[in-house]
There are 2 protein chains.
Amino acid sequence: MEFYSSQISNLIEQLSRLPGIGAKSAQRLAFHILNMSEQQVAGLASAMTNAKKNVRYCKECCTYTDDELCPICANMRRNHKQIMVVENPRDLAAYEKTGKYEGVYHVLHGAISPMAGIGPEDIRLSELMVRLSGDVDEVIVATNKNLEGDTTATYISKLVKPIGIKVSRIASGVPAGGDLEYIDEITLYRALEGRTYM
Amino acid sequence: MEFYSSQISNLIEQLSRLPGIGAKSAQRLAFHILNMSEQQVAGLASAMTNAKKNVRYCKECCTYTDDELCPICANMRRNHKQIMVVENPRDLAAYEKTGKYEGVYHVLHGAISPMAGIGPEDIRLSELMVRLSGDVDEVIVATNKNLEGDTTATYISKLVKPIGIKVSRIASGVPAGGDLEYIDEITLYRALEGRTYM
């Protein structure tokens, strides 16, 4: 991009390294940023550096936070005896958006994957076990419904059951609005297996 | 997003204001940024603020640059007697990527649009006229092939022709690889009108 002056091509280059942003979007974003007010650009830049500087794992659930506790763990109206285990903060966000879950979370920051060389010690499992020495009724495993997520779920259940705490796994089935003819066979089979009587 | 701590939700909010970045991508980008090294984040942030702080219009062609002249206007091997007029720096970049154009550019930063209340004085037309008092052979109008772009082209040709400088307009036609049956009628008609004899 030798037709852009150096700072503009540097900006485009940096933006194009972000996930899901190709060369054309990076160019579009860069020119948008150049058209923003200096104050707005400073706001965006400092939002990045501040969040990065202050971010850490929540002392309880290991999600990202800039406080000692995340807003959910700090909320005394949540049910702290029910812990939903998720792979990452985006999955936590997805369940929060349902507005139907009143318990708390535990973020593993990954899933066990022998293929990728990720073992139980590489995710935040020991932090979960520490929490279970407290007053906990149920662990709901909401890792992804794939090989890694299922492996992680099985591993967690083997660790948690002997302590005498209930372990559950979120259901597999046909998604809401799902048209049966377009659903894959594994999902259809699991929906059959998990049928509930009316 | 009260389940994110304040700095994280601020970062997501700021990112989601960028064009083409929805709520989900903003969240994905934010977590990606939190996972980058502190040095990388600082690099991205300062690329933004530096580019914004130092960006200005090229003294000649009005494209964005952080120098007095953009790399193209500063290049003495380009043909400075041929000026291609484009609406914005992205269009300049698109033509540069063809590698086939050896002249220089003029960036209008918009197009005349009576509907949107954008008149000739709102785009960088007077800067173009100043350049034409120098040694110029041809003005190639490469504004978009739509109402605004065509209006702007006509306006420019009326200004430039009386000075005795050639004015041309980029061709309309079927795009390379274009399958005729999928091309709109206006394009097909223009391709016929603009046919060249073999």
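Residues numbered from 1 in each chain as written. Chains lettered and ligands numbered in written order. Predicted model: local features only at pLDDT ≥ 70, side-chain atom pairs only at ≥ 80, totals over all residues. Heavy atoms only, no water.

1. A word on the domain arrangement of chain A
When cut into domains, chain A gives domain 1 (6-54) and domain 2 (64-197). Using only C-alpha atoms to locate each centre, domain 1 of chain A and domain 2 of chain A end up separated by 34 Å. (Domains from an automatic or database assignment.)

2. Overview of unusual backbone geometry
All names here are of chain B. Not every positive phi belongs to a glycine, and Cys62 is a case in point at roughly 70°. In this structure, Cys62 sits in the loop between β1 (56-57) and β2 (64-65). Residues other than glycine seldom take positive phi values, yet His109 does so here, at roughly 60°. Counting through the fold element by element, His109 comes out in the loop between β4 (103-107) and α5 (125-132). Given a relative accessible area of 22%, His109 falls into the partly exposed group. (Helix = DSSP H or I, 4+ residues; strand = E, 2+ residues; numbered from the N terminus. Buried < 20%, exposed > 50% of the residue type's maximum accessible area, 1.4 Å probe, protein only.)

3. A few points about the packing of aromatic side chains
Under the definition given, this model contains 10 aromatic pairs over all chains. Ring plane angle 25° and centroid distance 5.6 Å describe the contact between A:Tyr64 and B:Phe31, whose orientation is recorded as stacked. With A:Tyr64 in strand β2 (residues 64-65) and B:Phe31 in helix α2 (residues 23-35), this residue pair bridges two chains. Of the two residues examined, A:Tyr64 and B:Phe31, each falls in the buried class. Centroid distance A:Tyr101 to A:Tyr105: 5.1 Å. Interplanar angle 65°. Geometry classified as edge-to-face. For the pair formed by A:Tyr101 and A:Tyr105, the shared burial category is buried. Ring pairs connect the aromatic residues A:Phe3, A:Tyr4, A:Phe31, B:Tyr57 and B:Tyr64, which therefore count as one cluster. (Phe/Tyr/Trp six-rings, centres within 6.5 Å; stacked < 30°, edge-to-face > 60°.)

4. Notes on helix α4 (residues 89-98) of chain B
Those residues of α4(B) lying buried are B:Pro89, B:Asp91, B:Leu92, B:Ala93 and B:Glu96. Structurally, α4(B) contributes buried residues whose contacts are with α2 (23-35) of chain A together with β2, β3 (79-86) and β4 of chain B. One side-chain oxygen of the residue at the start of α4(B) lies 3.0 Å from the amide nitrogen of B:Arg90, identifying that residue as B:Asn88. (Contact = heavy atoms within 4.5 Å. Polar contact = N/O pair within 3.5 Å; in protein donor to acceptor, adjacent residues only side chain to side chain.)

5. A closer look at the layout of surface pockets
Of the voids in this model, the largest pocket is the one considered here, and its volume is about 190 Å³. Lining of the largest pocket is provided by A:Arg90, A:Ala94, A:Lys97, B:Lys24, B:Ser25, B:Gln27 and B:Arg28. For the lining of the largest pocket, the elements supplying multiple residues, two or more each, are α4 (89-98) of chain A together with α2 of chain B. Sort the elements by how many residues they give to the lining of the largest pocket and α2(B) lands first, with four residues. (1 Å grid on protein atoms, 1.4 Å probe; cavity = no way out; pocket = protein on both sides within 12 Å on 5 of 7 lines; lining within 4 Å. Points joined across faces, edges and corners; volume = space filled by probe spheres on them.)

6. A few points about α5(B)
Residue and element names in this part refer to chain B. Within α5 the residues assigned to the buried category are Leu125, Leu128, Arg131 and Leu132. The arc that holds every buried residue of α5, seen down its axis, measures 115°, which confines them to one face. Close packing links the buried residues of α5 with β3, β4, β5 (138-141) and α6 (147-160). (Arc of directions from axis to C-beta.)

7. Describing the packing of helix α3 (residues 38-54) of chain A against helix α3 (residues 38-54) of chain B
Across the interface, α3(A) lies against α3(B) with an axial gap of 9 Å and an inter-helix angle of 175°. As judged from the angle between their axes, α3(A) and α3(B) are roughly antiparallel. For the pair α3(A) and α3(B), the contacting residues are A:Glu38, A:Val41, A:Ala42, A:Leu44, A:Ala45, A:Met48, A:Thr49, A:Lys52 and A:Lys53 in the first and B:Glu38, B:Val41, B:Ala42, B:Leu44, B:Ala45, B:Met48, B:Thr49, B:Lys52 and B:Lys53 in the second. Taken together, the residues of the contact of α3(A) with α3(B) break down into 10 nonpolar, two polar and six charged. (Axes fitted to C-alpha atoms, helices over the stretch in contact; angles between N-to-C directions. Parallel < 35°, antiparallel > 145°, perpendicular 65-115°, else oblique. Nonpolar A, V, L, I, M, F, W, Y, C, P; charged D, E, K, R; others polar.)

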